[in-house]
2 protein chains.
Amino acid sequence: MSTTLQNDLFIKAALSQQTERPPVWFMRQAGRFMPEYWEIKNKYTFLEMCKTPEIAADVTMLPVDLLGIDAAILFSDILVTAEAMGGDLSFEQGVGPRFSNPVRSLADAQKLAGAESIDKLQYVADAIKEIQNRLNGSIPLIGFAGAPFTILSYLVEGGSTRDFKRTKLMLNNEPELAHLILQKIADLTIAYLNMQIEAGVNAVQLFDSWAAALSWNDYRDFSHNYNKYILDNLKRTVPVISFAKGASVFAPLIVESKPDVISVDWNADLLNLKKSLPEVMAVQGNLDPFIMYADKPVIKKKIHELFERMRGEAGFICNLGHGISPDMRFDHVKFAIDTIKEFRY
Amino acid sequence: MSTTLQNDLFIKAALSQQTERPPVWFMRQAGRFMPEYWEIKNKYTFLEMCKTPEIAADVTMLPVDLLGIDAAILFSDILVTAEAMGGDLSFEQGVGPRFSNPVRSLADAQKLAGAESIDKLQYVADAIKEIQNRLNGSIPLIGFAGAPFTILSYLVEGGSTRDFKRTKLMLNNEPELAHLILQKIADLTIAYLNMQIEAGVNAVQLFDSWAAALSWNDYRDFSHNYNKYILDNLKRTVPVISFAKGASVFAPLIVESKPDVISVDWNADLLNLKKSLPEVMAVQGNLDPFIMYADKPVIKKKIHELFERMRGEAGFICNLGHGISPDMRFDHVKFAIDTIKEFRY
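Residues numbered from 1 in each chain as written. Chains lettered and ligands numbered in written order. Predicted model: local features only at pLDDT ≥ 70, side-chain atom pairs only at ≥ 80, totals over all residues. Heavy atoms only, no water.

## Comments concerning the overall build of chain A
- A tally of helices and strands in chain A yields 15 helices and 9 strands.
- Against the 2.2 N^0.38 benchmark of 20 Å for 345 residues, chain A shows a C-alpha radius of gyration of 19 Å, consistent with a compact globule.
- The contacts of chain A with a sequence gap of at least 6 include a subset with a gap of at least 24, amounting to 74%.
- Of the side-chain charges in chain A, 36 are positive and 42 negative, and the distance between the mean point of each set is 3 Å. (Helix = DSSP H or I, 4+ residues; strand = E, 2+ residues; numbered from the N terminus. Rg over C-alpha atoms; globule rule 2.2 N^0.38 Å. Contact = heavy atoms within 4.5 Å. Lys, Arg positive; Asp, Glu negative; His and termini not counted. Charge placed at Lys NZ, Arg CZ, Asp CG, Glu CD.)

## A look at the side chain of Ser16(A)
- With respect to the element layout, Ser16(A) can be found in the loop between helix H1 (9–14) and helix H2 (35–41).
- Filtering out sequence-adjacent residues up to four positions away, Ser16(A) remains in contact with Glu279(A), Val280(A), Met281(A), Ala282(A), Ala314(A) and Gly315(A).

## With respect to unusual backbone geometry
- Between Gly285(A) and Asn286(A) the backbone carries a cis peptide bond, its omega angle lying at -20°.
- Residue Lys258(B) is not a glycine yet carries a positive backbone phi of 60°.
- When its relative accessible area of 58% is taken as the criterion, Lys258(B) is described as exposed. (Buried < 20%, exposed > 50% of the residue type's maximum accessible area, 1.4 Å probe, protein only.)

## So, helix H10 (residues 175–199) of chain B
- Counted at 1.5 Å a residue, the expected span for H10(B) with its 25 residues is 36 Å, and the 35 Å between its end C-alpha atoms agrees.
- Gly200(B), located one to two residues past H10(B), shows a positive phi value of around 120°. (Expected span 1.5 Å × (residues − 1).)

## Side note on the side chain of Asp260(B)
Residue and element names in this part refer to chain B.
- Among the structural elements, Asp 260 can be located in the loop between helix H12 (247–256) and strand S7 (261–263).
- Its relative accessible area of 19% is what places Asp 260 among the buried residues.
- Look past the residues within four positions of Asp 260 in its chain and what remains in contact with it is Ala 14, Leu 15, Arg 236, Val 238, Pro 239, Val 240, Val 280, Met 281 and Ala 282.

## Here we look at the interface of chain A and chain B
- With 32 residues of chain A in contact, the opposing surface of chain B contributes 33 residues.
- When the buried surface of chain A facing chain B is broken down by residue, Asn172(A), Asn267(A) and Phe290(A) rank first, second and third, together holding 22% of it.
- Counting across the chain A and chain B interface gives 6 salt bridges.
- Between Asp288(B) and Lys168(A) there is a salt bridge, with its nearest N and O atoms 2.8 Å apart.
- Remark: the boundary between chain A and chain B carries 16 residue pairs in polar contact (both at pLDDT 80 or more).
- Contributions of two or more residues to the side of chain A that touches chain B are made by helix H9 (165–173), helix H11 (216–232), helix H12 (247–256) and helix H14 (296–310) of chain A.
- By residue number, the principal contributor to the side of chain A that touches chain B is H9(A), which donates 5 residues. (Buried area = accessible area lost by both parts, 1.4 Å probe. Salt bridge = Lys/Arg side-chain N within 4 Å of Asp/Glu carboxyl O. Polar contact = N/O pair within 3.5 Å; in protein donor to acceptor, adjacent residues only side chain to side chain.)

## Side note on the packing of aromatic side chains
- Across all of its chains, the model carries 29 aromatic pairs over all chains by this definition.
- With centroids separated by 6.0 Å and ring planes inclined at 85°, the aromatic side chains of Tyr37(A) and Trp38(A) adopt a geometry described as edge-to-face.
- In this structure Trp38(A) comes out as partly exposed when scored by relative accessible area, which is 26%.
- An aromatic cluster of at least three residues, connected via ring pairs, comprises Tyr37(A), Trp38(A), Phe46(A), Phe75(A) and Phe91(A).
- The residue whose ring lies beneath Lys168(A) is Phe290(B), and the NZ or CZ to ring-centre distance is 4.5 Å. (Phe/Tyr/Trp six-rings, centres within 6.5 Å; stacked < 30°, edge-to-face > 60°. Lys NZ or Arg CZ within 6 Å of the ring centre and 35° of its normal.)

## Quick look at the environment of Ala147(A)
Residue and element names in this part refer to chain A.
- Structurally, Ala 147 can be placed in the loop between strand S4 (141–146) and helix H8 (148–157).
- Assessed through its relative accessible area of 0%, Ala 147 is described here as buried.
- Separated by 12 residues in the primary sequence, Ala 147 and Leu 135 place their C-alpha atoms 27 Å from one another.
- Apart from residues lying up to four places away in sequence, Ala 147 is in contact with Leu 206, Phe 207, Asp 208 and Asn 227.

## What about the relation of the copies chain A and chain B?
- The operation relating chain A to chain B is a screw motion whose rotation component is 180°, with 0.0 Å of axial translation and a residual RMSD of 0.0 Å. The transformation just described matches what one would write down for a two-fold rotation axis. In terms of C-alpha distance to the rotation axis, chain A has Val249(A) as its closest residue, with the C-alpha 3.0 Å off the axis.
- Both copies present the same face, since 100% of the interface residues in chain A are matched by interface residues at the equivalent positions in chain B. (Least-squares fit on C-alpha atoms with pLDDT ≥ 70 in both.)

## Regarding the UniProt feature "binding site: substrate" (unreviewed entry) in chain A
All names here are of chain A.
- In the UniProt entry, the feature "binding site: substrate" (unreviewed entry) is given for Arg 28, Gln 29, Ala 30, Gly 31, Arg 32, Asp 77, Tyr 154, Ser 209 and His 322. Taken along the chain, the residues just named run across 295 residues; in space they spread out, the farthest C-alpha pair reaching 22.7 Å.
- Leaving out residues up to four positions away in the same chain, Asp 77 has contacts with Phe 46, Cys 50, Phe 91 and Phe 144.
- At a separation of 2.8 Å, a polar atom in the side chain of Asp 77 contacts the main-chain amide nitrogen of Leu 79.
- With respect to the element layout, Ser 209 can be found in the loop between strand S5 (203–208) and H11.
- Overall, Ser 209 belongs to the buried group, its relative accessible area being 10%.
- Once residues lying within four places of it in the same chain are set aside, the contact partners of Ser 209 are Thr 150, Phe 243 and Lys 245. (UniProt positions renumbered as here; feature names shortened; annotations may be inferred.)

Below is the structure:
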């Protein structure tokens, strides 16, 4: 573990140590809600931004400089692993990610590369080194990857989906095909996160954004088992955060994969959930992102309600239950960060 | 309680009594997946169907005759209360429900009628009597209403929504306005469900379809408290079922409102959830509706997995975690019902 960070609140909380206030970062803290993001985004495609270490570093640093968060997160996308495996990925304005070659048959699955495609992700290691040069020991840098089930859903659907109909049809009718693809994703994800750890990130987060689509048994068989396999094979020299929307429902399973931190959506009472975990497992969350649309006194009230509820708990990182939306006001997000940083237990 | 039903499996299970197999009904069992539904639907508007007791009875009886379920559910819509209160409701093909006069200000809210608008819902009592004539004591009839928060969301948004942005903005910035509307909805809902009970339904279900949009505190303050108020004021002569997508997360709160049955979505392990409830609280659920798209042997396997898991538990009604979708195959739904009815503990 790094011991040279000037601000190590995030690392301390991730390791379930007491801090004088909750550290804070927000999912999608470098994104479309920021005018400064658009100044960069208007010049490049999204994938160019991810693949050019200088640009990825520029974007990663935006919330460091403009919001003053306690942890930076690598600017990238969960789908870069799927692209490295052979997915023909593009991002269209207003449409989101698209794969022109969805994976729906055994032949499609066999064409996908596995862990050997790690070489194609070298640009991420380069970006991490560039970002760490710029951060210069000020705050920690979080790396991340998409969890296998979430990545599978994009590959099978060919993009975003509301209902996961094709993906669930595969899980139900062709579970062996799903397992073949999930295993390839999981193997690459291990190599990918270990590469990030070697390149110098101070923590990693596994994003299982769409896990809540699944039944308990399907979550266990097609998501949790692969997440556990990944965590079992990581170099556990930095804290590992497990994020799933619906984490509160699946928490008893997530605990079995032994992350350092569980990132929790806003449905749960965070204190009750934390008390159900092993003592050395921290929690991250769980503000409803929609409070950012509300008036500033409401934002402050909701933050203080959460913090009073969590008073005295070691191992609490403040975050949103999901990401910042593009139409949220920058000054409201900044106000939330300032409010959080002013708080003392 | 009715003691004259020829098939009282559903009532027994709802009252946490042992049955030789789980009783079954499916949410949206009389709906767009049925060719016979379209033969009726093509002749009338949706609201005409709801408001004409003969037609509502015709539709209610479709799954009784064609699927052989263990309980019928009144053909109606959760939004009829909102319409009675003054909402200008229409249903457009492919768009869903629309209110041309969304409720977004104090003036809008003051225009809404409360419990006094119960007279406008007399057609529902008439439909119930007609349906009970036709059922003739064969199986129980379930009545229902939408829960206040879910109804509020439609009134505020003016229709369906993916993100509940306007509704949550009201909860955050104008909580007193939200409470004013919720109280009116709750008062009418008490009158409405009591009217259904007096008209002869054998059980009622409260549908809080969109509760999972809320944080724990907001669910407690803007949803649960009103649901509890409703249940506290019902003539508890028939079993009451509480349904919320996300019920597994909110179960500890739902328990406080003392329903006879909690209807659970597919994220939860149903046995673990049931064991967390008082012994005399039954559960309903929790098949993933998407298994209906799968091959028949898969449907059978998933049903048997659930039933083996629940073996020996009194108080289990088989249902889907949410409704049947329009593009699900009738023969698959029928196969599921047959599979369930062939099972013996």
